[in-house]
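# Descriptive structure summary
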Amino acid sequence: MPRARPPAAAWLASAEDAEAQFYEAMRNGDIEQLMAVWADDEDIVCVHPGGARLVGPAAIRASFGEILGESAVPVQPEQVRRLQTSETAVHHLVERVGVMTAEGPRTAWALVTNVYLKTSTGWRMVAHHASPGQLGEAPPAIGDAPSTLH
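Numbers given for residues are sequential positions, taken from 1 along each chain in its written order. At least 70 in pLDDT is required for a residue's local features to be given in this predicted model, at least 80 for side-chain atom pairs to be given and counted, and no such filter applies to totals for whole chains, interfaces and linings, which use all residues. Calculation of side-chain values draws on the structure's entire complement of heavy atoms; hydrogens and water are dropped beforehand.

## Brief notes about the overall build of the protein
Going along the chain from the N terminus, every DSSP run of H or I of four or more residues is numbered as a helix, and every run of E of two or more is numbered as a strand. The helix and strand inventory of the protein stands at 3 helices and 6 strands. Counting helices and strands in the order they occur from the N terminus, the protein gives α-α-β-β-α-β-β-β-β. The buried label applies to any residue whose accessible area, calculated with a 1.4 Å probe on protein chains only, is under 20% of its type's maximum; exposed applies above 50%, and partly exposed to all values in between. Per-residue burial for the protein yields a buried fraction of 37% across its 150 residues. For this analysis, residues touch if any pair of their heavy atoms sits within 4.5 Å. Counting contacts in the protein only where the partners sit at least 6 residues apart, residues at least 24 apart contribute 54% of the total. For accessible areas, the Shrake-Rupley method is used with a probe of radius 1.4 Å. Any residue's cover is judged against the shown protein chains and nothing else. Accessible surface computed for the protein: about 8,600 Å², of which carbon and sulfur atoms make up 56%.

Structure follows, in structure tokens:
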């Protein structure tokens, strides 16, 4: 079943606009707004921290539906770095996420790569990959040397 799209893609005029809408949708707990950011393609991909690779709109919608449930996710992108060509943008960043632990509210950090593609309907997300980060008040440091060789 095709996803509903807003009548105009002006709010997705740039990869930055698409990213802003994605995180706003998470903070609002709005699955429709969130899915409107994604491209209409069966090969879109999402990996949540420590999770499996999810391919296609149905799998991605289901996973974000579980995450959002009945509530919003207090998430904020930070330390955003961008690589962009005329039709592709790669954003690597740190997500600050408010989480509830046994000790009370804490801040969790996830290391994230978001990929956007310029389409006939504006910029759309084609990949969201979030790696496990850490709990703590300070975000992970940006390293200039590899910590793991592979």
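## Considerations on helix α1 (residues 15-28)
In this scheme, a helix's expected span is set at 1.5 Å multiplied by one less than its residue total. For α1, with 14 residues, the first-to-last C-alpha span of 20 Å sits near the 20 Å given by 1.5 Å per residue. Those residues of α1 that sit buried are Ala15, Ala18, Glu19, Gln21, Phe22, Tyr23, Ala25 and Met26. Against the buried residues of α1 lie α2 (31-37), α3 (57-68), β3 (75-84), β4 (88-101), β5 (104-119) and β6 (122-135). Just downstream of α1, Gly29 is the residue with a positive phi angle, here 65°.

## Looking at the sheet that holds strand β2 (residues 53-55)
In short, DSSP must find at least two bridges between two strands for them to pair. The mixed open sheet is built from 6 strands, whose spatial order is β2-β1-β6-β5-β4-β3. Edge positions in the sheet fall to β2 and β3, since each has one partner strand and no second. Each strand of the sheet is rotated relative to its neighbour by a mean of 20°, with strand direction disregarded. Of the pairings in the sheet, the one linking β5 to β6 comprises 11 bridges and is antiparallel in character. Every axis corresponds to a line fitted to the C-alpha atoms, with the helix fit spanning only the stretch in contact, and the corresponding angles, defined between N-to-C directions, vary from 0 to 180 degrees.

## Examining the side chain of Asn114
Tracing the backbone through its elements, the reader meets Asn114 in strand β5. Of the residues examined, Asn114 reaches a relative accessible area of 0% and is grouped as buried. We define a polar contact as two N or O atoms separated by no more than 3.5 Å, with the added condition that, inside protein, one atom must be a possible hydrogen donor and the other a possible acceptor, whereas residues neighbouring each other in sequence contribute only through side-chain atom pairs. Polar contacts involving the side chain of Asn114 include one to the side chain of Tyr23, which spans 3.2 Å.

Coordinates in, geometry out; function isn't part of it.
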